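Examining the three-dimensional arrangement
For reference, the chains in residue letters:
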Amino acid sequence: MSVSLHLARSAMGLAMLVALPVLAQSHDHHAAPAASMDHSKMDHSGMDHSQMGHAQHDAAALPHEPIPAVTAADRAAAFPAIDHAAMQHAPSINSLLLVDRLEHWDGRHGTGQAWEASGWIGGDINRVWLRSEGERSGGRTDAADLEVLYGRSISPWWDVLAGVKQDFRPADSRTWAALGIQGLAPYKFETSATLYAGSGGQVMATAEVEYEVLLSNRLILQPMVEATLAARDEPAQRIGRGLNKVEAGVRLRYEFSRRFAPYIGISHERLFGETADRAEADHVRDTRWVAGVRMWF
């Protein structure tokens, strides 16, 4: 019985050894189609992809008519010669006349009129300046002057001025040599300072500072301060040494256009030092209401 069992086991092992190669061949046969679909093993270098399904697109991209070659006549038409003599350039000489104050005032001691104007003619660097200011009251001119100055720009914001000033007064007139500077200080303060040397050894100086506050595109508030100093006493002219006059005011203007702007405001004047001592007691200080127009050409 044991011999028979041993023979049976041997027969089964031999059958399995015979069947293993057959199973291996069957497995390789079923795996072969999957291996044949591996595109990563394919050689694409010889394939022309430009001809695969793009014929219709290439036909639409081709121009219906061939593009002609660019000729010398085409280049000349695209880039014609420029006649610089026929071009319009900005004039080298310009001018401006600014009437900063043309006003009527009403103060404690009466009413009157006042003006302040400046103008220039020239180029960007060198200019001839004209400046004038004055005042009338009671139907007569109390003070008036005219300055003729040569101005040279020393920076984009500052000019140096030199020339002469002529005072016109009912009782006396005087000619002064003038040297000054004017321009736009930091934070947009319009500043001017001028030194005057006149006959008799008198030397005087004036300084003025203005600032414009834009309340809107047309409504502008303009405060200003002006001071006058003298180096010598002149009793006949009621001028004292040192600081003799300060004027401060504020004007509110409405610009109907940049060239024309009416305004209203208030101005206060005060005399100092010996100038105040020589003036009448009620004329040391004066507050005035003003109304006028500012314009330029």
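Residues numbered from 1 in each chain as written. Predicted model: local features only at pLDDT ≥ 70, side-chain atom pairs only at ≥ 80, totals over all residues. Heavy atoms only, no water.

Regarding the nonpolar core
W120, W129, L149, L161, W176, A178, Y196, M204, A230 and I239 together form the largest nonpolar core, which totals 10 residues. In contact with L149, other than residues within four places in its own chain, are R127, V128, W129, R131, L161, A162, G163, V164 and A178. (Core = buried A, V, L, I, M, F, W, Y, C linked by side-chain atoms within 4.5 Å. Buried < 20%, exposed > 50% of the residue type's maximum accessible area, 1.4 Å probe, protein only. Contact = heavy atoms within 4.5 Å.)

A short note on a nonpolar patch on the surface
The grouping of I93, I121, V128, L130, L146, V148, V164 and F168 at the surface amounts to a nonpolar patch, some 670 Å² of accessible area in total. Elements with a contribution of two residues or more to the nonpolar patch: β3 (126-137), β4 (140-153) and β5 (158-168). Topologically, L130 is positioned in strand β3. (Patch = residues over 30% accessible without salt bridge, like charges linked within 9 Å, V, L, I, M, F, W, Y side chains within 5 Å. Areas by Shrake-Rupley, 256 points an atom, 1.4 Å probe, with all protein chains shown as cover. Salt bridge = Lys/Arg side-chain N within 4 Å of Asp/Glu carboxyl O. Helix = DSSP H or I, 4+ residues; strand = E, 2+ residues; numbered from the N terminus.)

Quick look at the pattern of salt bridges
Proximity of charged atoms lets side chains of opposite charge pair with each other. Throughout the structure, instances matching the rule amount to 16 salt bridges. We note a salt bridge from E116 to R101, for which the minimum N-O separation is 3.1 Å. Placement of the pair is E116 in strand β2 (residues 110-122) and R101 in strand β1 (residues 94-107), with a sequence separation of 15 residues. When the shortest N-O distance is used, the salt bridge between D167 and K165 registers 3.9 Å.

Re the environment of R253
Counting through the fold element by element, R253 comes out in strand β11 (residues 242-254). R253 sits in the buried class, given a relative accessible area of 3%. Residues R253 and I220, 33 residues apart in the sequence, show an inter-C-alpha distance of 5.5 Å. Here the side chain of R253 touches Q222 through a polar contact of 3.4 Å, side chain to side chain. Engagement of the side chain of R253 in a polar contact is seen with the side chain of E255, the distance being 3.3 Å. (Polar contact = N/O pair within 3.5 Å; in protein donor to acceptor, adjacent residues only side chain to side chain.)

Looking at the packing of aromatic side chains
For the structure on display, the rule yields 4 aromatic pairs. Judged by centre distance (4.7 Å) and plane angle (35°), the rings of F189 and Y211 are tilted. With F189 in strand β7 (residues 189-198) and Y211 in the loop between β8 (203-210) and β9 (213-214), this pair connects stretches of sequence that are 22 residues apart. A relative accessible area of 29% means that Y211 is categorised as partly exposed. (Phe/Tyr/Trp six-rings, centres within 6.5 Å; stacked < 30°, edge-to-face > 60°.)

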